Amino acid sequence: MKEQLEGLNALSINFGEGGMAIVNVILAFVMFGVALGIKLQTFKDVIRNPKSVIVGILLQWVGLPAVTFTAALILSPFITPMVALGMILVASCPGGNISNFISSLSRGNIELSVSLTAITTAFAPLVTPFNFFLWGSLYSQIIAIRSNIPTLVIPFFPMLEQILLLLGVPIFLGILCAKYYPGLTKKITKPTQYISILLFIGMVIVSFSQNFQLFIENLHYICIIVLIHNGFALATGYFGGKLAKLPVKDYRTLTIEVGIQNSGLGLILLFNPAIFPPAIWHGHYGGMLIITAWWGIWHIISGLTVAYMFRRKPIEG
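Residue positions within a chain follow its written sequence, with the count starting from 1. With pLDDT at 70 or above as the cut-off, local features in this predicted model cover only qualifying residues; side-chain atom pairs require 80 or more to be listed or tallied, and sums for whole chains, interfaces and linings still use all residues. Neither water nor hydrogens contribute to the side-chain values; these are computed over all heavy atoms in the structure.

**Observations regarding the overall build of the chain**
Logical step 1: Under the scheme used here, helices are H or I runs from DSSP no shorter than 4 residues and strands are E runs no shorter than 2 residues, and both carry numbers assigned from the N terminus. Summing up its helical and strand segments, the chain has 16 helices and zero strands in all.
Logical step 2: Burial classes follow relative accessibility: with a 1.4 Å probe on protein chains only, a residue under 20% of its type's maximum area counts as buried, one over 50% as exposed, and anything between as partly exposed. Counting all 317 residues of the chain, 53% fall into the buried class.
Logical step 3: Counting only contacts in the chain whose residues sit at least 6 apart along the sequence, the fraction spanning at least 24 positions is 86%.
Logical step 4: The Shrake-Rupley method, run with a 1.4 Å probe, gives the accessible areas here. Residue values count only the displayed protein chains as cover. About 14600 Å² of surface is accessible on the chain, with carbon and sulfur atoms providing 70% of the total. Here a residue-residue contact requires only that any non-hydrogen atoms of the pair lie within 4.5 Å.

Structure follows, in structure tokens:
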């Protein structure tokens with residue numbers, strides 16, 4: 001399995017300067033659309049009823065990256081370092097906005113879901129690069145000792161600078177738009193979300209079209225890894241909420257929130273050579289790309305499956 005996954009390192013995507021400008025515009029547009037759903041009132045509500053939100057944030061920002069790091073170490077005899085770093089990158093991303101819809105299907109706490117998505121998205125420009133740097137560097141150092149491979153140096157400040165620019169500005173503008181132009185925000189939120197999804201899907205198809213055969217040859221391995229990783233993520237939210245003795249609706253929501261990650265953000269960040277410079281990464285992060293891309297497909301399937309299971313069980317149970 002590990003030998004097969006090594007072949008993913010040959011996967012390369014080069015948009016060129018013009019293409020990268022388009023990718024950056026798409027990223028800004030997507031994050032602006034997500035930020036339209038962030039209301040300042042959300043942060044005030046957290047202060048009044050903080051327990052479930054605080055538990056959710058800790059599971060998202062600390063629990064999931066730590067569990068992912070542990071899982072990557074356990075799986076290290078079977079996966080490549082780049083595949084493991086792809087798992088860590090996904091775990092470092094904020095919750096995906098589709099989690100709000102799936103939480104409603106689960107008969108969970110919708111307000112909690114929206115609050116967690118809003119908070120993790122708003123702080124993503126800081127938390128995402130920090131978590132990826134922290135857990136990615138630690139993983140690289142441990143694997144280098146175990147396997148006698150070169151230690152991969154993950155540049156923190158260049159990544160932070162780029163992510164603050166690419167994510168921070170559109171998120172800030174989206175929040176301002178939602179506050180000062182609520183009528184306009186209501187009209188453009190859904191169209192913006194639909195256009196964002198279509199743009200992202202189109203970009204992924206174009207990106208992987210030249211490497212389609214390589215993707216197909218390794219798809220079954222990727223499916224297994226993402227299945228395991230996503231299972232750990234869902235379990236982190238579920239058992240974390242139960243251990244904190246949260247209400248049933250709340251720990252259902254945490255299951256979905258922690259199990260649904262904005263992997264689309266991770267994928268777009270990987271496309272940006274200013275964040276993942278080929279000179280530093282030697283152009284060999286195909287494993288990260290495919291893990292991140294497949295996660296974006298699988299977490300919808302797993303999320304809907306969990307929602308179906310939750311709906312069949314009464315809240316009182």
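**Some words on the environment of L126**
Logical step 1: You can see L126 is positioned in helix 8 (residues 124–147).
Logical step 2: A relative accessible area of 46% places L126 in the partly exposed class.
Logical step 3: L126 sits 37 residues away from I163 along the chain, and the two C-alpha atoms are 8.0 Å apart.
Logical step 4: Apart from the residues lying within four places of it in its own chain, the contact partners of L126 are L160 and L164.

**Structural notes on the packing of helix 12 (residues 219–243) against helix 13 (residues 248–259)**
Logical step 1: For every element, the axis is a line fit to its C-alpha atoms; helices are fit only across the contacting stretch, and the angle between N-to-C directions ranges from 0 to 180 degrees. Closest axis-to-axis distance for the helix 12/helix 13 pair is 7 Å, and the angle between their directions is 150°. Of the possible angle classes, the one that applies to helix 12 and helix 13 is roughly antiparallel. For the crossing formed where helix 12 meets helix 13, the hand is right-handed. Along the contact surface, helix 12 presents N230, A233, L234, T236, G237, Y238, G241 and K242, while helix 13 presents Y251, L254, T255, V258 and G259.
Logical step 2: Charged residues are taken to be Asp, Glu, Lys and Arg, nonpolar residues to be Ala, Val, Leu, Ile, Met, Phe, Trp, Tyr, Cys and Pro, and polar residues to be all remaining types, Gly included. A breakdown of the residues in the contact of helix 12 with helix 13 according to their chemical character gives six nonpolar, six polar and one charged. Throughout this description, any angle smaller than 35 degrees is read as roughly parallel, any larger than 145 degrees as roughly antiparallel, any in the 65 to 115 degree range as roughly perpendicular, and the remainder as oblique. Working rule for handedness: look at the near helix, and if it is turned counterclockwise from the far one by less than a right angle, call the crossing left-handed; if clockwise, right-handed.

**Description of the nonpolar core**
Logical step 1: As used here, the term nonpolar core means buried Ala, Val, Leu, Ile, Met, Phe, Trp, Tyr and Cys residues forming a set that is joined through side-chain atoms within 4.5 Å. Of all hydrophobic cores here, the largest spans 66 residues; its most connected members are F132, Y139, L167 and F276.
Logical step 2: Ranked by size, the runner-up nonpolar core spans seven residues in total, among them I102, L234, A307 and F310.

**A closer look at empty space enclosed by the protein**
Logical step 1: The pocket and cavity definitions rest on a 1 Å grid over protein atoms only: a 1.4 Å probe that fits but cannot leave marks a cavity, an open set with protein on both sides within 12 Å along at least five of seven lines marks a pocket, and residues lining either have an atom within 4 Å of a point. Grid points are joined across faces, edges and corners, and a volume is the space filled by probe spheres set on the points. Scanning the entire structure with this criterion turns up one cavity of 30 Å³ or more.
Logical step 2: By volume, the largest cavity amounts to about 40 Å³.
Logical step 3: Together, G56, Q60, L116, T117, T120, L254, E257 and V258 line the largest cavity.
Logical step 4: Of all the elements in the fold, those that place two or more residues in the lining of the largest cavity are helix 4 (51–74), helix 7 (110–122) and helix 13.
Logical step 5: Taken together, the residues of the lining of the largest cavity break down into three nonpolar, four polar and one charged.

**Considering the side chain of T189**
Logical step 1: Position of T189 relative to the elements: it lies in helix 10 (residues 182–208).
Logical step 2: Exposure remark for T189: the relative accessible area of 17% places this residue in the buried category.
Logical step 3: Within the structure, T189 has its side chain in polar contact with the backbone oxygen of T185 (distance 2.5 Å). Distance and chemistry together define a polar contact, namely a pair of N or O atoms within 3.5 Å, with one atom able to donate a hydrogen and the other to accept it when in protein, and with adjacent residues in sequence counting only for side-chain atoms on both sides.

**Points about unusual backbone geometry**
Logical step 1: Its identity is not glycine, yet R107 carries a phi of approximately 60°, on the positive side.
Logical step 2: Position of R107 among the secondary structure elements: in the loop between helix 6 (98–105) and helix 7.
Logical step 3: A residue is classified by how much of its surface remains accessible, and R107, at 40% relative accessible area, is partly exposed.

**A short note on helix 13**
Logical step 1: Under the 1.5 Å per step criterion, the end-to-end length of helix 13 is 17 Å for twelve residues, consistent within 8% with the ideal 16 Å.
Logical step 2: Among all positions of helix 13, only V248, D250, Y251, R252, T253, L254, T255, I256, E257, V258 and G259 are buried.
Logical step 3: Along its buried surface, helix 13 packs onto helix 4, helix 6, helix 7, helix 12 and helix 16 (286–311). Expected helix span is taken as 1.5 Å per residue step, with the number of steps being one fewer than the number of residues.

**Comments concerning a nonpolar patch on the surface**
Logical step 1: Think of a patch as exposed residues, more than 30% relative accessible area, with no salt bridge, where like charges cluster within 9 Å and nonpolar side chains (Val, Leu, Ile, Met, Phe, Trp, Tyr) cluster within 5 Å. The salt bridge definition used is simple: a Lys or Arg side-chain nitrogen within 4 Å of an Asp or Glu carboxyl oxygen. On the surface, a cluster of nonpolar side chains totalling about 820 Å² of accessible area is made up of L165, V169, F172, L173, L176, Y180, Y181 and L184.
Logical step 2: With six residues, the single largest contributor to the nonpolar patch is helix 9 (residues 156–180).
Logical step 3: Of note, L173 is situated in helix 9.
Logical step 4: Here L173 falls in the partly exposed class, since its relative accessible area comes to 45%.

**Brief notes about the packing of aromatic side chains**
Logical step 1: Pairing of aromatic rings covers Phe, Tyr and Trp, the last counted by its six-membered ring, and requires centre-to-centre distances within 6.5 Å; plane angles under 30 degrees mean stacked, over 60 mean edge-to-face, and any other angle means tilted. Within the structure shown, the criterion is met by five aromatic pairs.
Logical step 2: Centroid distance Y238 to F239: 5.0 Å. Interplanar angle 90°. Geometry classified as edge-to-face.
Logical step 3: Considering the side-chain rings of Y238 and Y251, the 5.4 Å spacing of their centres and the 85° angle between planes classify their relative orientation as edge-to-face. Note that Y238 is positioned in helix 12 and Y251 in helix 13, a separation of 13 residues in sequence.
Logical step 4: Aromatic ring contacts, followed pair by pair, group Y238, F239, Y251 and F310 into a single cluster.
Logical step 5: Charge-over-ring contacts are defined here by two conditions on Lys NZ or Arg CZ: a distance within 6 Å of the ring centre and an angle within 35 degrees of the ring normal. Across the ring face of Y180, the terminal group of K179 is positioned such that the distance to the ring centre comes to 5.5 Å.

On their own, these measurements won't tell you what the molecule is for.
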